[in-house]
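# What the coordinates show
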Amino acid sequence: MSAPFLVAKGIAKRFGALTALSGVDLDIRSGEVLALLGDNGAGKSTFIKILAGAHPQTEGELKIEGRPVAFSSPKDAAAAGIATIFQELALSENLSIAENVFLGRELKRSVLGVPFLKRKEMRDRVDALLTELDAHISDPEAPVGSLSGGQRQAVAICRALNLNARLVIMDEPTAALAVAETRKVLSLTRRLAARGCAVVLISHNIADVFEVADRMVVFRRGRKVAERVKSATNPEEIVSLITGAHPDVRALEKT
Ligand SMILES: Nc1ncnc2c1ncn2[C@@H]1O[C@H](COP(=O)(O)OP(=O)(O)OP(=O)(O)O)[C@@H](O)[C@H]1O
Ligand SMILES: [Mg+2]
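An account of the accompanying structure is given in this report. (Residues numbered from 1 in each chain as written. Chains lettered and ligands numbered in written order. Predicted model: local features only at pLDDT ≥ 70, side-chain atom pairs only at ≥ 80, totals over all residues. Heavy atoms only, no water.)

### Observations concerning the overall build of the protein chain
Heads up, the condition is: Segments assigned H or I by DSSP are reported as helices when at least four residues long, segments assigned E as strands when at least two residues long, and all are numbered from the N terminus. Only C-alpha atoms enter the radius of gyration, while the globule expectation follows 2.2 Å times N to the 0.38, with N the number of residues. Only protein chains enter the area calculation, which uses a 1.4 Å probe; residues under 20% of their type maximum are buried, those over 50% are exposed, and those in between are partly exposed. Whether two residues touch is decided by their heavy atoms; if any such pair falls within 4.5 Å, the residues are in contact. Accessible surface area values rest on a Shrake-Rupley calculation with a 1.4 Å probe, where residue burial reflects the displayed protein chains alone. His residues and chain termini do not enter the charge count, which takes Lys and Arg as positive and Asp and Glu as negative. Charge positions come from single atoms, namely NZ of Lys, CZ of Arg, CG of Asp or CD of Glu.
When helices and strands are counted, the protein chain shows nine helices and 12 strands. Since a compact globule built from 255 residues should have a radius of gyration of about 18 Å, the 19 Å found for the protein chain is in line with a globular shape. Expressed as a percentage of its 255 residues, the buried residues of the protein chain come to 47%. Long-range pairs, those at least 24 residues apart, make up 65% of the contacts in the protein chain with a sequence separation of at least 6. Carbon and sulfur atoms provide 52% of the accessible area of the protein chain, an area that totals close to 12200 Å². Here the protein chain contributes 34 positively and 30 negatively charged side chains, and the mean placements of these two sets differ by 4 Å.

So this is what it looks like as structure tokens:
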């Protein structure tokens with residue numbers, strides 16, 4: 001197996017007296033979909049916010065391709081190739097798909113010192129990405145406000161790809177989606193991995209996770225309590241790991 005893209009070691013996060021995470025060790029690999037599971041408040045979002053540079057860890061170390069990294073902002077994480085798609089998505093409704101994909105990093109040319117947007121280049125690039133993702137969106141000029149939830153996820157994924165993200169993190173991307181849209185987003189997740197991205201997916205939907213994830217990690221009360229490759233587990237076991245009924249978790253929680 002190749003070396004992991006990202007290695008987290010001994011990650012802890014405290015908010016005042018509250019310990020949201022402690023002692024989390026995790027490897028994240030390119031070409032793999034890794035699911036993070038756990039009950040409400042288990043620490044999943046806190047963990048990915050650390051990876052995304054949204055807040056610093058209290059303890060522990062992150063390494064990308066063997067080199068220690070310290071993120072002081074989401075910009076630092078983005079520069080290191082990490083794109084995070086939060087549930088709120090942060091797209092601009094009144095801008096087009098292409099404008100959203102290039103937001104903040106528009107392609108420009110200068111004519112006699114006057115900057116002009118390279119609209120056609122941007123539109124063509126977005127068109128190519130949408131086609132590659134098989135997103136079924138025909139017009140990159142359409143306003144994002146006119147899109148469905150699943151199509152918006154596709155736009156957010158395009159933006160991540162356009163940033164050349166090496167790790168794409170998605171926090172409950174299908175929570176608000178209907179069945180057909182969920183299927184689409186799940187297949188986009190697989191496409192990202194097939195493209196060589198590392199993908200981290202947070203989901204409460206066990207069936208979705210079994211469909212797309214290669215590996216599953218369960219968090220409970222701020223600790224990583226289990227890690228399983230899909231072929232070595234089943235939904236019943238994962239549920240018992242999440243609820244704490246599993247003997248491994250009981251043994252761990254005695255310590
Ligand atoms: N900014 C914050 N300040 C204080 N406490 C926080 C903060 N963010 C998270 N927490 C606490 O940290 C713990 C872990 O929260 P987190 O959001 O990581 O859980 P989660 O696993 O993502 O849960 P969910 O499935 O409900 O999204 C919770 O007890 C939460 O109240
Ligand atoms: Mg969360």
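### Description of the pattern of salt bridges
We count it as follows: Salt bridges are defined by distance alone: a side-chain nitrogen of Lys or Arg within 4 Å of a carboxyl oxygen of Asp or Glu.
Evaluated as defined, the whole model comprises 17 salt bridges. Here arginine 14 ties to glutamate 59 by a salt bridge, and the two come within 2.9 Å at their closest N and O atoms. Of the two residues, arginine 14 sits in strand S1 (residues 6–15) while glutamate 59 sits in strand S4 (residues 59–64), which places them 45 residues apart along the sequence. Aspartate 124 is the salt-bridge partner of lysine 120, the closest N and O atoms lying 2.5 Å from each other. Placement of the pair is lysine 120 and aspartate 124 together in helix H4 (residues 119–132), with a separation of four residues, close to one helical turn. Of the residues examined, aspartate 124 reaches a relative accessible area of 35% and is grouped as partly exposed.

### A closer look at the sheet that holds strand S2 (residues 18–28)
What counts, and what does not: By the convention used here, strands pair only if DSSP detects at least 2 bridges between them. Between the N-to-C directions of two axes lies an angle of 0 to 180 degrees, each axis being a line fitted to C-alpha atoms and, for a helix, fitted only over the stretch in contact.
Ordered in space as S2-S1-S4-S5, the four strands form an open sheet in which the pairing is antiparallel. Two strands bound the open sheet, and with one partner strand each, they are S2 and strand S5 (67–69). Averaged over all adjacent pairs, the angle separating strand axes in this sheet is 30°, with direction ignored. Two elements, S1 and S2, share seven bridges in a ladder whose sense is antiparallel. Looking across to S2, one finds that arginine 14 is bridged to threonine 19.

### Quick look at the packing of helix H5 (residues 149–162) against helix H6 (residues 179–194)
Between two packed helices, the angle of one axis relative to the other and the distance separating the axes together describe the packing. Rules: With respect to orientation, any angle under 35 degrees is reported as roughly parallel, any angle over 145 as roughly antiparallel, any angle of 65 to 115 as roughly perpendicular, and every other angle as oblique. In this scheme the handedness of a crossing depends on how the near helix is turned from the far one: anticlockwise by less than a right angle means left-handed, clockwise means right-handed.
Direction vectors running N to C along H5 and H6 enclose 15°, while the axes themselves pass 8 Å from each other. Relative to H6, H5 is oriented roughly parallel. Once H5 is placed against H6, the crossing between them reads as right-handed. Here Gly149, Gly150, Gln151, Gln153, Ala154, Ile157 and Leu161 of H5 come into contact with H6, specifically with Glu181, Val185, Leu188 and Leu192.

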